[in-house]
Amino acid sequence: MSVIVLAEHENGVFKKKVFEAVQYAAGIAQQQGTTATAVVLGEAPADALAQLGVSGATKVLHVADARLNTLSAKAYTKALAAAAEKEGAKVIVALHDVTGKAVAPRLAAKLKAGLVAGAISNPDTSNGFTIKKAVFSGKAFSYINITSDVKVITLMPNTFPVKKGDGSAAVEALDVAFDDKDFGVKVKEVNKVTGEVPLAEAELVVSGGRGMKGPENWGPLEELAHELGAGLACSRPVADSHWRPHHEHVGQTGGTIRPNLYIAVGISGAIQHLAGVNGSKTIVVINKDPEAPFFKAADYGVVGDAAEVLPRLIDAVKKFKASQN
Ligand SMILES: Cc1cc2nc3c(=O)[nH]c(=O)nc-3n(C[C@H](O)[C@H](O)[C@H](O)COP(=O)(O)OP(=O)(O)OC[C@H]3O[C@@H](n4cnc5c(N)ncnc54)[C@H](O)[C@@H]3O)c2cc1C
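Since the structure is predicted, the reported quantities are computational estimates derived from the model, not experimental observations.

**Student:** It is not clear to me how the environment of Ala307 should be interpreted in this structure. Could you clarify?
**Tutor:** Note that Ala307 resides in helix α9 (residues 306-324). What makes Ala307 exposed here is its relative accessible area of 61%. Ala307 sits 87 residues away from Pro220 along the chain, and the two C-alpha atoms are 8.4 Å apart.

What follows is the structure, encoded as structure tokens:
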């Protein structure tokens, strides 16, 4: 019996959030007195897979079928179910991202397992198997006790800091008999955003709202993000007005992020916006209206015009960085 975790990759390259998921699974495995096995789907160089050991996986099961190079929820579910059966797994972990959201509910149904989607805590096993998650757009927490024998969990990325050890995992091939009908959805094209800090990965995020007045004023936000090594986000009206691309939109109908620092400039702080960002560890709000609701959710606030505050903030960041060299 082991804990298994889906480790997504691109040609054997794993993002930080994957190491976080593996570390989370390894923690549960330790709690249960067992080991963690990572499941890698699609083609990848075998030597790249052993590195998942640094986050505590002792074994990697590799289903190297090229048809798994892009997400097929049905086939991924079948592969994970096969891995779970092989390992006798009672706990299966995936990330609460596009892949995890597509696969985990199907897997839970297939294995008759209880599911917690968007976990933000380790399981509390003092009285059952209880996991915390945010509900009502982050306004409240729910503590869910999974009582089924098999349990499926999707972990909210950026919940835990990633610590890497020096372990190495044993890599083993796993054959799964797929049917053509497992690949009913064909991915024709994948367009990736390049050259930016991906939002889901970003530890620091600089975000702009309608208070920025127009896309021509985004320069200072981009400069601040560049100086901080931060990702860029925006409110929904900004994306709806095509001032910024839709992948930057955060909130109830956009991305959910949990960075260490979220700097919101010219954003009012509507509940639908907060739903995507209120898991941030520290929130800084810059708004010219002292009554803006966002100040209630902020750790630090600056009441002022973005056009005046941002240049001074960028200057201060540059001076601070120079003083560190
Ligand atoms: C079903 C539904 C889903 C939604 N989903 C989302 C979502 O996912 N994400 C999202 O963001 N919204 C979402 N919304 C919209 C949400 O309700 C708000 O309308 C939106 O978040 C407001 O965006 P904003 O704060 O950028 O703009 P505004 O509400 O117009 O606020 C602009 C702010 O900028 C400040 N400001 C103006 N000028 C300056 C200046 N010069 N310097 C500094 N500050 C200035 C103003 O004081 C104001 O607080 C949703 C709404 C609905 C109904």
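**Student:** What is the right way to read the packing of aromatic side chains from this model?
**Tutor:** We describe a pair of aromatic rings using the distance from one ring centre to the other and the angle between the two ring planes. On inspection of all chains with the given rule, the structure shows 5 aromatic pairs. Across the ring face of Phe141, the terminal group of Lys132 is positioned such that the distance to the ring centre comes to 4.2 Å. Here Lys151 stacks its cationic end above the ring of Phe129, 5.2 Å away from the centre of that ring.

**Student:** How do you make sense of the sheet that holds strand β14 (residues 300-303) when you look at a structure like this?
**Tutor:** Within a sheet, adjacent strands bond to each other through the backbone by hydrogen bonds, running parallel or antiparallel. Taken together, 5 strands build an open sheet; the order of strands is β11-β10-β12-β13-β14 and the sheet is parallel. At either margin of the open sheet sits one strand with a lone partner, and together these are β11 (231-234) and β14. Neighbour to neighbour, the strand axes of the sheet diverge by 15° on average, direction disregarded. As paired elements, strand β10 (residues 204-208) and β11 share 4 bridges and run parallel to each other.

**Student:** Explanation requested: the pairing of strand β13 (residues 282-287) in the structure shown.
**Tutor:** Of all 6 residues in β13, 5 are buried, a share of seventy percent or more. Looking at chain direction, strand β12 (residues 261-265) and β13 are connected through 5 bridges and run parallel. Bridged to Tyr262 within β13 is Ile283. Once you follow β12 into helix α7 (residues 271-277) and on to β13, the crossover reads as right-handed. Summarising the sheet, β13 and β14 pair through 4 bridges and their orientation is parallel. Note on β14: the bridge partner recorded for Val284 is Tyr300.

**Student:** I tried to follow the packing of helix α3 (residues 73-87) against helix α4 (residues 98-111) on my own but got confused; where do I start?
**Tutor:** When two helices pack together, their arrangement is given by the angle between the helix axes and the distance between those axes. Axis separation between α3 and α4 bottoms out at 9 Å; the angle between their running directions is 55°. Relative to α4, the element α3 is oriented oblique. Considering only the axes of α3 and α4, their crossing is right-handed. Judged by residue contacts, Ala73, Tyr76, Thr77, Leu80, Ala81 and Ala84 of α3 engage Thr99, Ala102, Val103, Arg106, Leu107, Lys110 and Leu111 from α4. Class assignment for the residues of the contact of α3 with α4 results in 9 nonpolar, 2 polar and 2 charged.

**Student:** Help me out: how do you make sense of the packing of helix α5 (residues 219-228) against α9 in this one?
**Tutor:** Following both chains from N to C, one finds α5 and α9 inclined at 20°, their axes separated by 10 Å at the closest point. Comparing the axis directions of α5 and α9 gives the class roughly parallel. The hand of the α5/α9 crossing is left-handed. Each of Pro220, Leu221, Glu223, Leu224, Glu227 and Leu228 in α5 lies in contact with α9, whose residues at this interface are Leu310, Leu313, Ile314, Val317, Lys318 and Lys321. The residue makeup of the contact of α5 with α9, split by class, is 8 nonpolar, no polar and 4 charged.

Each value, and the rule that gives it
- Residues numbered from 1 in each chain as written.
- Predicted model: local features only at pLDDT ≥ 70, side-chain atom pairs only at ≥ 80, totals over all residues.
- Heavy atoms only, no water.
- Helix = DSSP H or I, 4+ residues; strand = E, 2+ residues; numbered from the N terminus.
- Buried < 20%, exposed > 50% of the residue type's maximum accessible area, 1.4 Å probe, protein only.
- Phe/Tyr/Trp six-rings, centres within 6.5 Å; stacked < 30°, edge-to-face > 60°.
- Lys NZ or Arg CZ within 6 Å of the ring centre and 35° of its normal.
- Pairing = 2+ DSSP bridges.
- Axes fitted to C-alpha atoms, helices over the stretch in contact; angles between N-to-C directions.
- Right-handed = clockwise from strand over helix to strand, strands pointing away.
- Parallel < 35°, antiparallel > 145°, perpendicular 65-115°, else oblique.
- Left-handed = near helix turned anticlockwise from the far one by under 90°.
- Contact = heavy atoms within 4.5 Å.
- Nonpolar A, V, L, I, M, F, W, Y, C, P; charged D, E, K, R; others polar.

Any functional reading would require information that these geometric values do not contain.
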